[in-house]
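Coordinate analysis (summary)
The chain contents come next:
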Number of protein chains: 2
Amino acid sequence: MRVAGVMSGTSLDGIDVAIVEIAGRRIETVGFQSTPYSAATRAAILAVSDAATHTSAISRLNFQLGELYARAVLRAVRRFGPVKLIGCHGQTIYHEGAKNTLQIGEAAVIAERTGVPVVSNFRARDIAAGGQGAPLVPYVDYLLFRHPKRTRIALNIGGIANITAIPAGVAANKVVAFDTGPGNMVIDALAPPYDRGGRIAARGRVNTALLDELLADSYYRRKAPKSAGREQYGAAFVARLNKTGLPMEDLVATATVLTAATIALAVRPFGLADLIASGGGVHNPQIMAHLAGFLPDVAISTSTDHGIDADAKEAVAFAVLAYETWRGRPANLPSATGACRAVVLGTLTV
Amino acid sequence: MRVAGVMSGTSLDGIDVAIVEIAGRRIETVGFQSTPYSAATRAAILAVSDAATHTSAISRLNFQLGELYARAVLRAVRRFGPVKLIGCHGQTIYHEGAKNTLQIGEAAVIAERTGVPVVSNFRARDIAAGGQGAPLVPYVDYLLFRHPKRTRIALNIGGIANITAIPAGVAANKVVAFDTGPGNMVIDALAPPYDRGGRIAARGRVNTALLDELLADSYYRRKAPKSAGREQYGAAFVARLNKTGLPMEDLVATATVLTAATIALAVRPFGLADLIASGGGVHNPQIMAHLAGFLPDVAISTSTDHGIDADAKEAVAFAVLAYETWRGRPANLPSATGACRAVVLGTLTV
């Protein structure tokens, strides 16, 4: 079955579409394409994200994003050929782990424009079952990367960074996954749109006092399951950094090490392992170099080395999750989300 | 198949659950039960309805309402036996006809608590197909009441009154449906919570000058499709009535005749017909008596006379609409909503 996975993360870059061929447990990426959000769309999403707003603005944006998702899928389909199913993550505008979550991007609009069934709203059911509604990609990491003899740790460095730890030969219910802390979100906010090639961080000096203060956050020592979001690393966090009065490049350098250090804090307890990185952060050599420095015992590669384009991975994952829902199979990992049971994710709009 | 239909209207009374047995085109109501909203829930819904609010409040309320809907269904199931499917309309917090609509009440929570698949978000697909997303009940009126030799007009007297006109023997695409004008909304506002048994109207005298002035509104002569709402018959309309200085019972008597007269204006062009009434207004003998006076050629009955409890009808309708979606059948009437085509409504959460 050929499935389109549509992902748009908290970084608000835009819409990633992966076209994936799924046959049983074989998963092959046929194509991948990103469509950036316009500045107006990005501003509209920010305006309704965890802020005072109008219900009318949310209702309108829900339909507008549906149109944008449909167009992004149609663009990918023109390039890579037709699909039978779409899995659309939607845009998260609120997430209160284990309590509620709100993704928008009306699936009815996507289904109507494309003529293809859509699975959407993946996170709500896991929360209804007592989970955090996140992370959901670990199920796919387990399908893709598990190894009988080696511990595999899938790392995604998006706005937030997260890992999926798969000890050698374990069953799915032994997989551990959680958000490690900031990914690119803080760096992007300090040096918009992002620190290309890590060049700004390379020019800056890490402020160790500030770094130690940031690392003192109890989140990094809390046990999984746990998840982080724009609430933690959004405008208030960045304002706190700017208030230090340090030069921008020093703040970027410090935030870059914070990302790598908090990932390392999370990865280290698993000992000898293969770390398989994906997400925009793999293109930041500063993050990757610091990671290698912090984790000498860990073999670092990217998901591209394992056949899954590092930029496409999350979109691929939502194609796979949609396929599981289509087949009626549960696809959350209770060990990762904290749910009381495995549930079929999402809702189907034909 | 036994299906629960869950309706909660703009009146914010609470949650109506109808348990319906559907076999092909045979539709039988097994039971009906209303669960009132608490004052706090009513206030929370009003607070996020088309007003300045917080995204967090909407996200939380979405999950809270899911819990309330689940409880209402479970109450009905304990009383009337299990169901195989739930159709949940949800609570509308924004509706901009032909552009966007927003119902909340998380289906994933309902499905998780009840263990029963849920169809929800019925209106979005019709809007995606160019329609107003309303009215949706005419499809069910057509299934329930159409007649090979008689013109059938289904009338629902809720806050707003609306009709579905089904000329004898016509196909679904010839059905006409629209809001006729005020139902109980103005009467309720003049004599809160409502004019029980029409007793206040019975004591008052109709002010014909005021009635003529109200009837001069061009809405009543405009062609369908057309729809009315809280915007037209809300606080401003009632303030205008109160400004006349007439005694309250005279205003109630006049508003009562306005409801009946505007329904009659809408019904009369269809000639000889059976008028099948439902909604709270059927319990107001003053409305019903005036209707009979205005429409001597029309046979007036209630949907209860046709086997569908007049209070349960809207909840029954959403059970039927869910069943159609479950079977993969389109269930909007483009002639009623203005959509470019008939579409499968809603989204399925298993």
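Quantities reported herein were computed from a predicted structural model and do not represent experimental measurements.

**Things to note about the packing of helix α2 (residues 55-80) of chain A against helix α3 (residues 107-114) of chain A**
Residues and elements named next belong to chain A. Their axes nearest at 8 Å, the elements α2 and α3 cross at an angle of 35 degrees. Here α2 and α3 pass one another in a crossing that is right-handed. Contacts between α2 and α3 involve F63, G66, E67, Y69, A70, V73 and L74 from the first element and V109, I110, R113 and T114 from the second. Taken together, the residues that form the contact of α2 with α3 break down as 7 nonpolar, 2 polar and 2 charged.

**Points about the environment of G280(B)**
Residues and elements named next belong to chain B. Tracing the backbone through its elements, the reader meets G280 in the loop between β12 (273-278) and α12 (285-294). Taking the C-alpha atoms as reference, G280 lies 7.7 Å from A310; in sequence the two are 30 residues apart. When neighbours within four sequence positions are excluded, G280 is seen to be in contact with I157 and N184.

**Structural notes on the environment of L251(A)**
Residue and element names in this part refer to chain A. With respect to the helices and strands, L251 occurs in helix α11 (residues 248-267). A relative accessible area of 2% means that L251 is categorised as buried. Here L251 is in contact with L190, L210, L241, N242, T244 and L246, once residues within four sequence places are set aside.

**Examining the sheet that holds strand β13 (residues 298-302) of chain A**
All names here are of chain A. Across the sheet, 5 strands lie side by side as β11-β10-β9-β12-β13; this open sheet has mixed pairing. The open sheet terminates on both sides in strands that have one partner only, identified here as β11 (176-182) and β13. With direction set aside, neighbouring strand axes in the sheet form an average angle of 20 degrees. In terms of strand pairing, strand β10 (residues 160-166) meets β11 through 6 bridges, oriented antiparallel. Paired with I163 across the bridge in β11 is F178.

**Looking at the interface of chain B and chain A**
The parts lose accessible area when they come together, and the size of an interface is often stated as this lost area. With 41 residues of chain B at the interface, the matching set in chain A holds 40 residues. When chain B packs against chain A, the two sides together hide about 3100 Å² of surface, and 51% of this comes from carbon and sulfur. Three residues, T55(B), E112(B) and R125(B), lead the burial of chain B against chain A; their summed loss comes to 21% of the area buried on that side. Here chain B is connected to chain A by 6 salt bridges. Two residues, E112(A) and R125(B), come together in a salt bridge whose shortest N-O distance is 2.7 Å. Counting every contact that joins chain B to chain A gives 23 residue pairs in polar contact (both at pLDDT 80 or more). Residues of the side of chain B that touches chain A, tallied by class, amount to 19 nonpolar, 13 polar and 9 charged. As defined by bridge partners, strand β4 (residues 52-54) of chain A adjoins strand β4 (residues 52-54) of chain B across 3 bridges and the pair is classed as antiparallel. When the bridges of β4(B) are listed, H54(A) appears paired with A52(B).

**Quick word on the nonpolar core**
Ranked by size, the top nonpolar core spans 58 residues in total, and within it V17(A), I86(A), V17(B) and I86(B) carry the most contacts. The residues contacting V17(A), other than those within four sequence positions of it, are A4(A), G5(A), V6(A), G31(A), F32(A), Q33(A), A72(A), V73(A), A76(A) and A315(A).

**What about the relation of the copies chain B and chain A?**
Mapping between the two chain copies consists of a rotation about an axis together with a translation along that axis. Superposing chain B onto chain A takes a rotation of 179 degrees plus a shift of 1.3 Å along the axis, which leaves an RMSD of 1.2 Å. Viewed as a symmetry operation, the transformation between the two copies matches a two-fold axis. A high fraction, 98%, of the interface residues of chain B reappear at the interface in chain A, so the copies pair face to face through one surface.

**Overview of the pattern of salt bridges**
Considering all chains together, one arrives at 20 salt bridges over all chains under this definition. Ionic pairing is found between R329(B) and E324(B), a salt bridge with its closest N-O pair at 3.0 Å. Within the structure, one salt-bridge network assembled from shared partners comprises E112(A), R125(B) and R341(B).

**Let's talk about helix α1 (residues 39-48) of chain B**
Residues of α1(B) that are buried include every one of T41(B), I45(B) and V48(B), and no others. Around the axis of α1(B), the buried residues are gathered within 75 degrees of arc, so they sit on the same side. Exposed residues on α1(B) whose side chains face more than 90 degrees from its buried face are A39(B), A40(B) and L46(B). In this structure, the buried side of α1(B) is in contact with α2 of chain A together with β4, α2 (55-80) and β6 (91-96) of chain B.

**Some points on helix α8 (residues 208-215) of chain B**
All names here are of chain B. Turning to α8, its buried residues are L210, L211, L214 and L215. Taken end-on, α8 shows its buried residues confined to a sector of 130 degrees, consistent with a single buried face. Exposed residues lying more than 90 degrees from the buried face of α8 are T208, A209 and D212. Those residues of α8 that are buried lie in contact with α10 (235-242) and α11 (248-267).

**Comments concerning unusual backbone geometry**
A cis geometry characterises the amide bond from A134(A) onward to P135(A), with omega recorded as -10 degrees. Tracing the sequence through the fold places P135(A) in the loop between α4 (124-128) and α5 (137-145). In this structure, P193(B) follows P192(B) across a cis peptide bond, with omega equal to -5 degrees. Relative to the helices and strands, P193(B) is located in the loop between α6 (185-190) and α7 (199-203). If you check the backbone angles, N121(A) has positive phi at about 55 degrees while not being a glycine. Relative to the elements of secondary structure, N121(A) occurs in the loop between β8 (118-120) and α4. The class of N121(A) is partly exposed, set by a relative accessible area of 22%.

**A short note on the sheet that holds strand β9 (residues 152-157) of chain B**
Residue and element names in this part refer to chain B. Taken together, 5 strands build an open sheet; the order of strands is β11-β10-β9-β12-β13 and the sheet is mixed. The open sheet has two edge strands, β11 (176-182) and β13 (298-302), and neither has a second partner. Averaged over all pairs of adjacent strands, the angle between strand axes in this sheet comes to 20 degrees, irrespective of strand direction. Of the strand pairs in this sheet, β12 and β13 are connected by 5 bridges, and their pairing is parallel. Bridging from a neighbouring strand, L275 pairs with I300 of β13.

What counts and what doesn't
- Residues numbered from 1 in each chain as written.
- Chains lettered and ligands numbered in written order.
- Predicted model: local features only at pLDDT ≥ 70, side-chain atom pairs only at ≥ 80, totals over all residues.
- Heavy atoms only, no water.
- Axes fitted to C-alpha atoms, helices over the stretch in contact; angles between N-to-C directions.
- Helix = DSSP H or I, 4+ residues; strand = E, 2+ residues; numbered from the N terminus.
- Left-handed = near helix turned anticlockwise from the far one by under 90°.
- Contact = heavy atoms within 4.5 Å.
- Nonpolar A, V, L, I, M, F, W, Y, C, P; charged D, E, K, R; others polar.
- Buried < 20%, exposed > 50% of the residue type's maximum accessible area, 1.4 Å probe, protein only.
- Pairing = 2+ DSSP bridges.
- Buried area = accessible area lost by both parts, 1.4 Å probe.
- Salt bridge = Lys/Arg side-chain N within 4 Å of Asp/Glu carboxyl O.
- Polar contact = N/O pair within 3.5 Å; in protein donor to acceptor, adjacent residues only side chain to side chain.
- Core = buried A, V, L, I, M, F, W, Y, C linked by side-chain atoms within 4.5 Å.
- Least-squares fit on C-alpha atoms with pLDDT ≥ 70 in both.
- Arc of directions from axis to C-beta.

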